[in-house]
Amino acid sequence: MDSSLARRLFAAGAALGLGAAIVTALGPLKTGSDDAGVAARVGDGVVTTEALDRAMAALAQDKRNPVDDKERARVLDRLIDEEALVQRGIQLGLPESDLAVRKAIVDAMLQFAAAESAAKTPTDAELRAFYDSRPDLFRAEPALKLEAVVLPAYRMDAMTRIGAAVSKGAALTAAAAAEGGAPLPLPAAAIPRERIAGVAGPTVARIAESLKPGEVAGAAGDDGRLYIVRLAGAEPGARADFERVRGDVEEAWRRVENERAVDAYLAGLRRELRVRKAAP
């Protein structure tokens, strides 16, 4: 849409004094309604009394004084203008030619497809079943069992020899001692990932971040020394109790339900429209 046209439309809306609340209250305008439910006919479309009532309710929430028949007439005129613009935009092919319009339509249809599931309120049984079926969800970061040594200076040749010795079965501390290194005092128990930097320093934490069980890697610290770390093992993090994370469980449940609703809606559209792909 041309930016100057967009500015004129926004200016027209401001002049009518309706605000954004009316636009969001409209929803889709129905077509082919009985005259009893029609506030105005605009070409082949209509402005329904239901849409007009929703817009009036949104306007009333933003005003201190009661809305009157004059306000209702102004709102109806705005809805007529919107319907006329929508119809002309379709005639001009904006949904096909304007990427912003296409995106707005797609976003609106995705919200429409997910609207029914968004209105659902899950039961405790549904949430618990969802929680139980996803054992890795709502679990803390794994705790890591680390071995670490430090050499007085960064030496790539020493790093290479220590790595080779460990890969052949040598203990990391013994291989480091042969190069003048010393072990770092780490707890025998696994350390929660978020606590590694505080226990062993930022360099060790940075190295451990990229390791898989059994792997060895090294890096220079800010002090110029060579730090070498071996990941001896990992323990899964503790899982949060259901009651403590019930709100998070419901939020995740809603995301999944919305995705299912959208997928089902799209599958139905594809069947209805008989999608046919060109041969590769």
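Check the entry above for the structure.
Cut-offs and rules
Residues numbered from 1 in each chain as written. Predicted model: local features only at pLDDT ≥ 70, side-chain atom pairs only at ≥ 80, totals over all residues. Heavy atoms only, no water. Helix = DSSP H or I, 4+ residues; strand = E, 2+ residues; numbered from the N terminus. Buried < 20%, exposed > 50% of the residue type's maximum accessible area, 1.4 Å probe, protein only. Contact = heavy atoms within 4.5 Å. Areas by Shrake-Rupley, 256 points an atom, 1.4 Å probe, with all protein chains shown as cover. Expected span 1.5 Å × (residues − 1). Arc of directions from axis to C-beta. Polar contact = N/O pair within 3.5 Å; in protein donor to acceptor, adjacent residues only side chain to side chain. Axes fitted to C-alpha atoms, helices over the stretch in contact; angles between N-to-C directions. Parallel < 35°, antiparallel > 145°, perpendicular 65-115°, else oblique. Left-handed = near helix turned anticlockwise from the far one by under 90°. Nonpolar A, V, L, I, M, F, W, Y, C, P; charged D, E, K, R; others polar. Salt bridge = Lys/Arg side-chain N within 4 Å of Asp/Glu carboxyl O. Core = buried A, V, L, I, M, F, W, Y, C linked by side-chain atoms within 4.5 Å. Pairing = 2+ DSSP bridges. Phe/Tyr/Trp six-rings, centres within 6.5 Å; stacked < 30°, edge-to-face > 60°. Lys NZ or Arg CZ within 6 Å of the ring centre and 35° of its normal.

A. How the structure looks around the overall build of the protein. Scanning the protein from N- to C-terminus turns up 12 helices and 7 strands. By the burial criterion, 31% of the 280 residues in the protein qualify as buried. Put simply, 66% of the contacts in the protein that link residues at least 6 apart link residues at least 24 apart. With an accessible surface of roughly 17900 Å², the protein has 55% of that area assigned to carbon and sulfur atoms.

B. Fine view of helix H3 (residues 49–62). Here H3 spans 20 Å end to end across 14 residues, near enough to the 20 Å set by a 1.5 Å rise per residue. The set of residues buried in H3 consists of Ala51, Leu52, Ala55, Met56, Ala58 and Leu59. The arc enclosing the buried residues of H3, seen along the axis, measures out at 160 degrees, which places them on a common side.

C. Main features of helix H11 (residues 202–209). Of the residues making up H11, those classed as buried are Thr203, Val204, Ala205, Ile207 and Ala208. On its buried side, H11 packs onto strand E3 (143–151), helix H10 (196–200), strand E6 (216–220) and strand E7 (226–235).

D. Summary view of the side chain of Gln87. Along the chain, the position of Gln87 falls in helix H4 (residues 69–91). The exposure class assigned to Gln87 is buried, which follows from its relative accessible area of 19%. A polar contact of 2.8 Å, which involves the side chain of Gln87, links it to the side chain of Glu83. Setting aside anything within four residues of it in sequence, one finds Gln87 in contact with Val42, Gly43, Asp44 and Gly45.

E. Structural context of the packing of helix H6 (residues 99–118) against helix H12 (residues 246–273). At their nearest, the axes of H6 and H12 sit 8 Å apart, and the two run at 125 degrees to each other. In terms of orientation, H6 lies oblique with respect to H12. Seen from above, H6 lies across H12 with right-handed handedness. Here Met109, Leu110, Phe112, Ala113, Ala114, Ser117 and Ala118 of H6 lie close against H12, whose contacting residues are Arg254, Glu257, Asn258, Ala261, Val262 and Tyr265.

F. Spotlight on the packing of H3 against H4. Orientation of H3 relative to H4, taken along the N-to-C sense of each, is 120 degrees, at an axis distance of 10 Å. The angle between H3 and H4 falls in the class oblique. You can see that H3 and H4 cross each other, and the crossing is right-handed. Of H4, the residues touching H3 (which contributes Ala51, Leu52, Asp53, Ala55, Met56 and Leu59) are Glu71, Arg72, Val75, Leu76 and Leu79. Class assignment of the residues belonging to the contact of H3 with H4 gives a composition of 8 nonpolar, no polar and 3 charged.

G. Region of interest: the pattern of salt bridges. With the rule as written, the count across this model stands at 19 salt bridges. Its salt-bridge partner being Glu147, residue Arg230 comes within 3.5 Å of it at the nearest N-O pair. Of the two residues, Arg230 is situated in strand E7 and Glu147 in strand E3; the sequence distance between them amounts to 83 residues. Judged by relative accessible area, Arg230 falls into the partly exposed class, the value being 23%. Salt bridges sharing partners connect three or more residues here, namely Asp124, Arg246, Glu250 and Arg254.

H. Here's a closer look at the environment of Pro142. Secondary-structure assignment places Pro142 in the loop between helix H7 (124–132) and E3. Note: C-alpha distance between Pro142 and Ala238 (96 residues apart in sequence) is 8.0 Å. In this structure, Pro142 is in contact with Ile191, Pro192, Arg193, Glu235, Pro236 and Gly237, ignoring residues within four places of it in sequence.

I. Examining the nonpolar core more closely. Counting 18 residues, the largest nonpolar core has Leu146, Leu184, Ile196, Val204 and Val229 as the members making the most contacts within it. Going through the elements one at a time, E3, H10, H11 and E7 are the ones with two or more residues in this core. If you look at the next biggest cluster of nonpolar residues, it comprises 11 residues, including Val149, Leu172, Ala175 and Ile228.

J. Structural context of the pairing of E6. By the bridge criterion, 5 bridges tie E6 to E7 in an arrangement that is antiparallel. Considered in E7, the bridge of Gly218 is made with Ile228. Adjacent in sequence and paired antiparallel, E6 and E7 are bridged by 5 residues, among which Gly224 carries a positive phi angle near 85 degrees.

K. Representation of the packing of aromatic side chains within the structure. Summed over all chains, the structure comprises 3 aromatic pairs. Relative to Phe242, the ring of Tyr131 has its centre 5.4 Å away and its plane inclined at 75 degrees; by these criteria the two rings are edge-to-face. With Tyr131 in helix H7 and Phe242 in the loop between E7 and H12, this residue pair connects regions lying 111 residues apart in the sequence. The two residues Tyr131 and Phe242 agree in class, both being buried. The structure contains a cluster of three or more aromatic residues connected by ring pairs, namely Tyr131, Phe138 and Phe242. Its end group placed over the ring of Tyr131, Arg239 keeps NZ or CZ at 3.7 Å from the ring centre.

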